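# Geometric and topological summary
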Amino acid sequence: MSSVLYDTPGPRAKRRNVVLSVVFFVLLALLLWWMWKTMDDKNQLTSALWKPFTQSEAWTTYLLPGLANTLKAAALAMVIALPLGAVFGISRLSDHRWVRGVASVVVEFFRAIPVLLLMLFANEFYSRYTNVTSESRPLYAVVTGLVLYNAAVLAEVVRAGILALPKGQTEAAYAIGLRKGQTMASILLPQAVTAMLPAIVSQLVVIVKDTALGGVMIGFTELLNSRGTLAANYANVIPSFIVVAVIFILLNFILTSFASWLEARLRRSKRSTGAVLGADKVDDVNAAEVGGT
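In this report, the structure presented in the accompanying data block is examined. (Residues numbered from 1 in each chain as written. Predicted model: local features only at pLDDT ≥ 70, side-chain atom pairs only at ≥ 80, totals over all residues. Heavy atoms only, no water.)

### Let's talk about the pattern of salt bridges
Our working definition: Salt bridges are defined as contacts in which a side-chain nitrogen from Lys or Arg sits within 4 Å of a carboxyl oxygen from Asp or Glu. Labels follow the DSSP assignment, with helices taken as runs of H or I lasting at least four residues and strands as runs of E lasting at least two, numbered in each case from the N terminus. Burial classification: accessible surface area is computed with a 1.4 Å probe over protein chains only, and a residue below 20% of its type maximum counts as buried, one above 50% as exposed, and the rest as partly exposed.
Evaluated as defined, the whole model comprises 7 salt bridges. Across the pair arginine 111 and glutamate 156 runs a salt bridge, and its minimum N-O distance is 3.9 Å. Placement of the pair is arginine 111 in helix α4 (residues 97–112) and glutamate 156 in helix α6 (residues 137–163), with a sequence separation of 45 residues. For glutamate 156, a relative accessible area of 13% translates into the label buried. Counted as one network, the salt bridges with shared partners bring together Arg92, Glu108, Arg111, Glu156 and Arg159.

### Here we look at the nonpolar core
In plain terms, the rule: As used here, the term nonpolar core means buried Ala, Val, Leu, Ile, Met, Phe, Trp, Tyr and Cys residues forming a set that is joined through side-chain atoms within 4.5 Å. Whether two residues are in contact is decided by their heavy atoms, any of which lying within 4.5 Å being enough.
The biggest cluster of nonpolar side chains holds 48 residues, and the ones touching the most others in it are Leu63, Met78, Val142, Leu146, Ile162, Ile207 and Leu223. Of all the elements in the fold, those that place two or more residues in this core are α3 (56–91), α5 (115–129), α6, α8 (180–217), α9 (223–234) and α10 (237–269). Top contributing element to this core by residue count: α6, with 11 residues. With residues near it in sequence (within four places) discarded, leucine 223 still touches Leu63, Gly66, Leu67, Thr70, Val244, Ile247 and Phe248.

### Here's the deal with α8
To keep things clear, this is the line we draw: The span you would expect from a helix comes to 1.5 Å times its residue count less one. A residue's bend is the angle separating two fitted axes: one through the seven residues that end there, the other through the seven that start there.
Its 38 residues give α8 an end-to-end C-alpha distance of only 45 Å, which falls more than 12% under 56 Å, the value for a rise of 1.5 Å per residue. Taking the largest bend as the criterion, α8 deviates by roughly 55°, centred on methionine 196, and proline proline 198 comes between one and four positions later. At the exit of α8 stands glycine 219, carrying a positive phi of roughly 75°.

### Some words on a nonpolar patch on the surface
Going by this rule: Within the patch definition used here, like charges are joined within 9 Å and nonpolar side chains (Val, Leu, Ile, Met, Phe, Trp, Tyr) within 5 Å, considering only residues with over 30% relative accessible area and no salt bridge. Note on areas: Shrake-Rupley, 1.4 Å probe, and residue coverage restricted to the protein chains presented here.
On the surface, a nonpolar cluster with roughly 1000 Å² of combined accessible area is contributed by Phe24, Phe25, Leu28, Leu31, Leu32, Trp33, Trp34, Met35 and Trp36. The partly exposed category is assigned to methionine 35, whose relative accessible area is 38%.

### Thoughts on the environment of glycine 145
With respect to the secondary-structure elements, glycine 145 resides in helix α6. Placed 24 residues apart in sequence, glycine 145 and phenylalanine 121 show a C-alpha to C-alpha distance of 8.3 Å. When residues no more than four places from it in sequence are discounted, the contact partners of glycine 145 are Val115, Leu118 and Met119.

### Concerning the side chain of arginine 227
Definition in use: When charges are counted, Lys and Arg are positive and Asp and Glu negative, with His and the chain ends excluded. Definition of a polar contact: a pair of N or O atoms within 3.5 Å, with one able to donate and the other able to accept a hydrogen when the atoms are protein atoms, and with sequence-neighbouring residues admitted only if both atoms are side-chain atoms.
Topologically, arginine 227 is positioned in helix α9. No salt bridge is formed by the buried arginine 227; its nearest oppositely charged neighbour, glutamate 222, is found at 8.2 Å. A distance of 2.9 Å separates the side chain of arginine 227 from the side chain of serine 240, its partner in a polar contact. Apart from the residues lying within four places of it in its own chain, the contact partners of arginine 227 are Val237, Ser240, Phe241 and Val244.

### Notes on the packing of aromatic side chains
Given two aromatic rings, one states the distance between the centres and the angle between the planes to describe the pair. In plain terms, the rule: Pairing of aromatic rings covers Phe, Tyr and Trp, the last through its six-membered ring, and needs centres within 6.5 Å; plane angles under 30 degrees mean stacked, over 60 mean edge-to-face, and all others mean tilted.
Under the definition given, this model contains 8 aromatic pairs. For the ring pair phenylalanine 125 and tyrosine 129, a centre distance of 5.5 Å and an interplane angle of 45° mean the geometry is tilted. In this pair, phenylalanine 125 and tyrosine 129 both sit in helix α5, 4 residues apart, roughly one turn of the helix. We classify phenylalanine 125 as partly exposed; its relative accessible area is 38%.

### Focus on the packing of α6 against α8
Applicable threshold: In this analysis, axes come from line fits to C-alpha atoms, helices being fitted only over the stretch in contact, and the angle between any two N-to-C directions falls in the range 0 to 180 degrees. If an angle is under 35 degrees, it is roughly parallel; if it is over 145, roughly antiparallel; if it lies from 65 to 115, roughly perpendicular; otherwise it is oblique. Here a crossing is called left-handed whenever its near helix is offset anticlockwise from the far helix by less than a right angle, and right-handed whenever the offset is clockwise. Following the grouping adopted for this structure description, the nonpolar residues are Ala, Val, Leu, Ile, Met, Phe, Trp, Tyr, Cys and Pro, the charged ones are Asp, Glu, Lys and Arg, and the polar ones are all others, Gly among them.
Here α6 crosses α8 at 150°, and the two axes come no closer than 8 Å. Judged by the angle between their axes, α6 and α8 are roughly antiparallel. Seen along the crossing, α6 lies across α8 with a hand that is right-handed. Here the contact of α6 with α8 is composed, by residue class, of 17 nonpolar, 5 polar and 1 charged.

Below, the structure is given as structure tokens:
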């Protein structure tokens, strides 16, 4: 079916698409075969290297504790960054110039700095100027870096989601006497949440993956860092990388699947039932409104 942005392909275009698809899958198969052959030649597919993952010790001692730390850091960062990003995003839409200016400076500043640099700075700050213990310092540093960076990014997501709504929504709210705060809380934000949800989830996936930066640079014992200890003990570097990659894929797949389900549920809940009221029902509604007033 043709549309404004898409034309139905003709016979030649269909043949070309089929040829390109076949070539792509052939090249992909060759790449996978080359990877398998190379790993087999290097003895990376022997059962001895994969056997530790069939035993409970590798999971209970290394992978599961590392996964728990990854989830802990990501959850803390999400819980703090989401409301903080919403506050700064709404502040950038304020009618007060000084509020809008301060929020814009904060957002642009932290959005421009690499998250790894924020983690390193936070780790050094906690080391020099606080009483945080050396055992807890990596977690504090990772969460701080993730919060500062992702709150700034989420602030832009919130601002863009609100600005994407039709202006008539705001004008209608003002016409019935709502103040700006009431309009934002009751009308704009509930509608913008559904539109922002895919971008918010994408950023939450980034938070989960960026926890690995703390393990590499500041010794935070998250999943990837624990993999290094496991590989050193069992001498299975490549298999351990593959297993950890699969864990990250499954973790982020669960997160995105839940977000897709939540988005669909929110969209269904906002749809009108389409029911037609009779004259007697309309009179009852009007009477109830007058009585409530």
